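Structural overview
Below, each chain spelled out in residue letters.
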Amino acid sequence: MPGAVLWTKGPAASGPGAGLVLPDGCMDLLWSEGRLLVAGPDTRAYAPDGSSAYWAGLRFFPGTAPACLGVPAHELRDRRVDVADLWPAPAVRRLRARLAVARDPAAALEQAALERAESAGPPDPLLRRMVAALDAGRPVAATADELGVGARWLHRRSLTAFGYGPKTLARVLRFQRALALARSGVPFADTAVRAGYADQAHLSREVRELAGVPLGELLGVRG
C-alpha cells in the first residue's frame, strides 16, 4: 500500500524508553501469536507488555487506515482493539487462518489490507496534502487555506482520518521531526530550532509529555 511500512519485532527491550511505541500519526494492523489487533493513533507513548515473543505489523501512512479498516480513527485513539470487534467474524477467521500458516505474516497483513482497500477506493488526496503541509511546519489556518477548505471541515476530517484534530497532528509530526534530527546527531538546541520549537526547553517539555521520558533517555544518550 502507498506509504505503508511492514515491520516485525521480538520481545521488547528493557530500560527507560526502550520498546516504547511513540506517537507518529499512524495506525497499525498487528499479528502476534494468534492475536489480530488494530493499534489506534497514539497521543502519548504506549509501552507494550513485552510478553509476546513475536509481532508482525503493517503501519499505514497517516490518514489512510480508517478507510481500509472501516472505522473512524478517533474511535481507536490511544487503544489496541481486537479486529474481531471491528470486522465480520467470517472475515476475521479467514485472516487468522491465513496468518497462522504464512511464512511472512507481515506480507500477509499487507495483502489483506490491499484486498480491503480495493473495495474502499483510493485515499482522499487532501489527507496526504494535509500531512505534508503540517509536517512542513505550516500553521493550521494556513493549511486550511492552502487546501481550500474551512477550519471546521479540516478539524472534522482530521478526527476521522487521524484520530485527533490538526493541531495535535501538527504537534505529533513536529515531535517526529525532532526525533529524526536528534537521532542523526544534531545537538538538542539546534534540533529544537530546526524542528519548529520555541527553544530547547519547549522541546524538552513536549518530549516528556508525548514520550513520558526525557529526550536523552529516549535516545539512550548518557549525560
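This one's a predicted model, so the numbers in the text were calculated from it and none came from an experiment.

Each helix and strand in the protein chain was counted, giving 10 helices and five strands. Rg of the C-alpha trace for the protein chain: 18 Å, near the compact-globule value of 17 Å for 223 residues, within the 12% margin. In terms of overall dimensions, the protein chain has C-alpha extents of about 50 × 45 × 25 Å along its principal axes. By residue count, 43% of the 223 residues in the protein chain fall in the buried class. Here the analysis covers contacts within the protein chain between residues at least 6 apart in sequence; of these, 68% occur between residues at least 24 apart. If you sum the accessible surface of the protein chain, you get close to 11200 Å²; carbon and sulfur atoms cover 52% of it. Here the protein chain carries 28 positive and 22 negative side-chain charges, and the mean point of each set is 1 Å from the other.

This part takes up the packing of helix α4 (residues 125-135) against helix α6 (residues 151-162). In the contact formed by α4 and α6, the axes pass within 11 Å of each other and the chain directions differ by 100°. Here α6 runs roughly perpendicular to α4, going by the angle between their axes. Contacts between α4 and α6 involve Leu126, Leu127, Met130 and Val131 from the former and Trp153, Leu154, Arg157, Ser158, Ala161 and Phe162 from the latter. Partitioning the contact of α4 with α6 into residue classes produces eight nonpolar, one polar and one charged.

The next point concerns the sheet that holds strand β5 (residues 80-82). Sheet architecture is open: five strands sit in the order β1-β4-β2-β3-β5, paired in antiparallel fashion. The sheet terminates laterally at β1 (5-9) and β5, the two strands that pair on one side only. Here the strands of the sheet are splayed against their neighbours by 25° on average, with no regard to which way each runs. Pairing of strand β2 (residues 28-32) with strand β4 (residues 55-59) involves four bridges; the strand directions are antiparallel. Following the sheet pairing, Leu30 is matched in β4 by Gly57. Each of β2, β3 (35-39) and β5 is contacted by helix α2 (residues 89-101), which is oriented at about 110° to β3, the strand it contacts most. Helix α3 (residues 105-120) contacts β1, β2, β3 and β4 of the sheet and is inclined by roughly 35° relative to β4.

A pair of packed helices is captured by two measures, namely the crossing angle of their axes and the spacing between those axes. Close contact between helix α7 (residues 166-183) and helix α8 (residues 188-195) brings their axes to 9 Å; oriented N to C, the two are set at 145°. Crossing angle aside, the handedness with which α7 passes α8 is right-handed. Side by side, α7 and α8 meet where Arg174, Arg177, Ala178, Leu181 and Ala182 of the first sit next to Phe188, Thr191, Arg194 and Ala195 of the second. Looking at the contact of α7 with α8, its residues break down into five nonpolar, one polar and three charged.

Cut-offs applied
Residues numbered from 1 in each chain as written. Predicted model: local features only at pLDDT ≥ 70, side-chain atom pairs only at ≥ 80, totals over all residues. Heavy atoms only, no water. Helix = DSSP H or I, 4+ residues; strand = E, 2+ residues; numbered from the N terminus. Rg over C-alpha atoms; globule rule 2.2 N^0.38 Å. Buried < 20%, exposed > 50% of the residue type's maximum accessible area, 1.4 Å probe, protein only. Contact = heavy atoms within 4.5 Å. Areas by Shrake-Rupley, 256 points an atom, 1.4 Å probe, with all protein chains shown as cover. Lys, Arg positive; Asp, Glu negative; His and termini not counted. Charge placed at Lys NZ, Arg CZ, Asp CG, Glu CD. Axes fitted to C-alpha atoms, helices over the stretch in contact; angles between N-to-C directions. Parallel < 35°, antiparallel > 145°, perpendicular 65-115°, else oblique. Nonpolar A, V, L, I, M, F, W, Y, C, P; charged D, E, K, R; others polar. Pairing = 2+ DSSP bridges. Left-handed = near helix turned anticlockwise from the far one by under 90°.

In short, geometric facts, not functional conclusions.
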